[in-house]
Amino acid sequence: MRFFKKGLYLVNSELTEAPIARVIALAKQHQSDLTLLDIFPEPRIDSSAASLLGGKKQVIEQIAEGRKKRMLEILEQRGTAAQVRVESRPGKRYLDAIKTVLTEHYDMVLKMADNPPWGGQSLASDDLHLLRKCPCPVYLMHPGTMDASGPVMAALDLSADEEDDNLDALNRDLLEVAAAAAAFGETELHVVHAWQSGVAGFASIWADMPAEAEEAAYDGEYRRRQDAMGSTMRSLYARLDESTARIIKPRSHLLNGPPESVIPQQAQHLGVSTVVMGTVARTGIPGLIMGNTAEDILHQLRCDVVALKPKGFICPVKP
């Protein structure tokens, strides 16, 4: 399993060395192609200053060249200058990144979170736009986790009452990415699913024996989710080679309670370094891309996040 084949790292404005080094190591480990994309705001220069500096176009070219030179210096220090593509240009970061994904067919965007939501803050605008609109997986790195030494968690949705090809495919993709991330970090993989009984708290309205009715409903729903998780884990093991299975030791967890509460709690309890999850509530509708539950979970996590969208997602951005 490979984490990604062709990755696009959206460089932060400060051209920070540590996350670039981390992404390079990740790409080398997975023998993946990597591009460092630096998008900077177009400078505001009045006409008189522009003429003294050789024209606005000349100024922009010099800025881009200087920033590109700095990135190449970082790559040369690690002996990877010839293997990694580097681009620097003015523009709007999230928009240019998505258009680059669409035109050059990258399969993952990697980025250091600009303003992590931990501590009651909100995700930065670029990060939210990427999570909501980017057609390929988005890997948001937390500044406090500069390696992948902790366990990896895959958060699955096993709630479909009937066969759902899109949801099944998304769960398979989540597991594949999570297993690859765990194998890269030589760490454990935890597969979690949060569920609730559909009649919890309501049986007293219609049942003569509400306690017994709720218990029966709970037991039935638990068995259904347990069967779904069992099938999922068997499928995962069938796709893993023995060596990888021994390293990542996949374990499953059925969590009873609201996903937006129990998933962040479990991530913190297990000390995970990366959570792999889906962010799309429905497909086929441009612009409708992240459900409330997914966003609530994202704002509580204190680790790296890899966010995937299901097949059938329609990107609202045009190349």
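Residues numbered from 1 in each chain as written. Predicted model: local features only at pLDDT ≥ 70, side-chain atom pairs only at ≥ 80, totals over all residues. Heavy atoms only, no water.

K.L.:
A description of a negative patch on the surface should follow, citing residues and the corresponding values.
P.N.:
A surface patch of negative charge is lined by Asp 157, Glu 163, Asp 164, Asp 165 and Asp 168. When you line up the elements, Asp 168 lands in helix H6 (residues 165-185). (Patch = residues over 30% accessible without salt bridge, like charges linked within 9 Å, V, L, I, M, F, W, Y side chains within 5 Å. Areas by Shrake-Rupley, 256 points an atom, 1.4 Å probe, with all protein chains shown as cover. Salt bridge = Lys/Arg side-chain N within 4 Å of Asp/Glu carboxyl O. Lys, Arg positive; Asp, Glu negative; His and termini not counted. Charge placed at Lys NZ, Arg CZ, Asp CG, Glu CD. Helix = DSSP H or I, 4+ residues; strand = E, 2+ residues; numbered from the N terminus.)

K.L.:
Residues and numbers for the pairing of strand E9 (residues 274-278), please.
P.N.:
The buried fraction of E9 is high, at five of five residues. Side chains Thr 274, Val 276 and Gly 278 of E9 all project onto a buried face; the interleaved residues Val 275 and Met 277 project onto the opposite face, where all are buried too. Taken together, the three bridges between strand E6 (residues 152-155) and E9 define a ladder with parallel strand orientation. Its bridge partner lying in E9, Met 153 is registered against Val 275. (Buried < 20%, exposed > 50% of the residue type's maximum accessible area, 1.4 Å probe, protein only. Pairing = 2+ DSSP bridges.)

K.L.:
So what's going on with helix H3 (residues 56-77)? Residues and values would help.
P.N.:
For H3, built from 22 residues, the straight-helix expectation of 32 Å at 1.5 Å per residue is met to within 8% by its first-to-last C-alpha distance of 32 Å. Buried within H3 are the following residues: Val 59, Ile 60, Ala 64, Arg 67, Met 71, Ile 74 and Leu 75. One side of H3 holds all its buried residues, which, seen down the axis, span an arc of 155 degrees. In this structure, H3 carries Glu 65, Lys 69, Glu 76 and Gln 77 as exposed residues pointing more than 90 degrees from its buried face. If you follow the buried residues of H3, they end up packed against helix H1 (17-29), strand E2 (33-40) and strand E3 (85-90). After H3 finishes, the residue Gly 79 shows a positive phi value of roughly 65 degrees. (Expected span 1.5 Å × (residues − 1). Arc of directions from axis to C-beta. Contact = heavy atoms within 4.5 Å.)

K.L.:
Got a sec to walk through the layout of surface pockets? Specific residues and values, please.
P.N.:
Quantified by volume, the second largest pocket comes out at close to 360 Å³. Lining the second largest pocket are 17 residues; nearest its centre among them are Asp 107, Pro 137, Asp 173, Val 177 and Leu 308. Top element by residues in the lining of the second largest pocket is H6. It accounts for three residues. Tallied by class, residues from the lining of the second largest pocket come to nine nonpolar, one polar and seven charged. (1 Å grid on protein atoms, 1.4 Å probe; cavity = no way out; pocket = protein on both sides within 12 Å on 5 of 7 lines; lining within 4 Å. Points joined across faces, edges and corners; volume = space filled by probe spheres on them. Nonpolar A, V, L, I, M, F, W, Y, C, P; charged D, E, K, R; others polar.)

K.L.:
Outline the side chain of Asp 304, listing residues and values.
P.N.:
With respect to the secondary-structure elements, Asp 304 resides in strand E10 (residues 304-308). Of note is the side chain of Asp 304, whose polar atom sits 2.3 Å from the side chain of Arg 22. Within the structure, the side chain of Asp 304 is placed 3.0 Å from the side chain of Tyr 139, a separation counted as a polar contact. (Polar contact = N/O pair within 3.5 Å; in protein donor to acceptor, adjacent residues only side chain to side chain.)

K.L.:
Lay out the pattern of salt bridges with the relevant residues and their values.
P.N.:
Inspection of the entire model under this criterion finds 15 salt bridges. We note a salt bridge from Asp 304 to Arg 22, for which the minimum N-O separation is 2.3 Å. One end of the pair, Asp 304, is in strand E10; the other, Arg 22, is in helix H1, and 282 residues separate them in sequence. Its relative accessible area of 11% is what places Arg 22 among the buried residues. Between Arg 225 and Glu 221 there is a salt bridge, with the nearest N and O atoms lying 2.7 Å from each other. Of the two residues, Arg 225 and Glu 221 are both situated in helix H8 (residues 210-239); the distance of four residues between them amounts to about one turn of the helix. We classify Arg 225 as buried; its relative accessible area is 7%. Shared partners join several salt bridges into a network, and the residues in it are Arg 85, Glu 87, Arg 89, Asp 96 and Glu 104.

K.L.:
I'd like a description of the nonpolar core, backed by residues and values.
P.N.:
Ranked by internal contacts, the top residues of the largest apolar core, which has 46 residues, are Phe 3, Tyr 9, Leu 36 and Leu 189. No other element matches H6, which puts nine residues into this core. Dropping the residues within four chain positions of it, Leu 189 is found in contact with Val 152, Ala 154, Ala 178, Ala 179, Ala 182, Leu 236, Ile 248, Lys 249, Pro 250 and Arg 251. By size, the runner-up hydrophobic cluster in this structure holds 37 residues, among which are Ile 98, Tyr 106, Val 138 and Leu 298. (Core = buried A, V, L, I, M, F, W, Y, C linked by side-chain atoms within 4.5 Å.)

K.L.:
Run through the sheet that holds strand E8 (residues 251-256), naming residues and quoting values.
P.N.:
As summarised here, the arrangement of the ten strands in space is E3-E2-E1-E4-E5-E10-E9-E6-E7-E8, forming an open sheet in which the pairing is mixed. The sheet is open, and its two borders are formed by E3 and E8, each paired with just one other strand. Pairwise comparison of adjacent strand axes, ignoring direction, gives a mean angle of 20 degrees for this sheet. Set on the sheet, H1 makes contact with strand E1 (6-10), E2, strand E4 (108-112), strand E5 (138-141) and E10; between it and E5 the angle comes to about 135 degrees. Sheet strands touched by H6: E6, strand E7 (189-195), E9 and E10. Its angle to E6, the strand with the most contacts, is close to 180 degrees. (Axes fitted to C-alpha atoms, helices over the stretch in contact; angles between N-to-C directions.)

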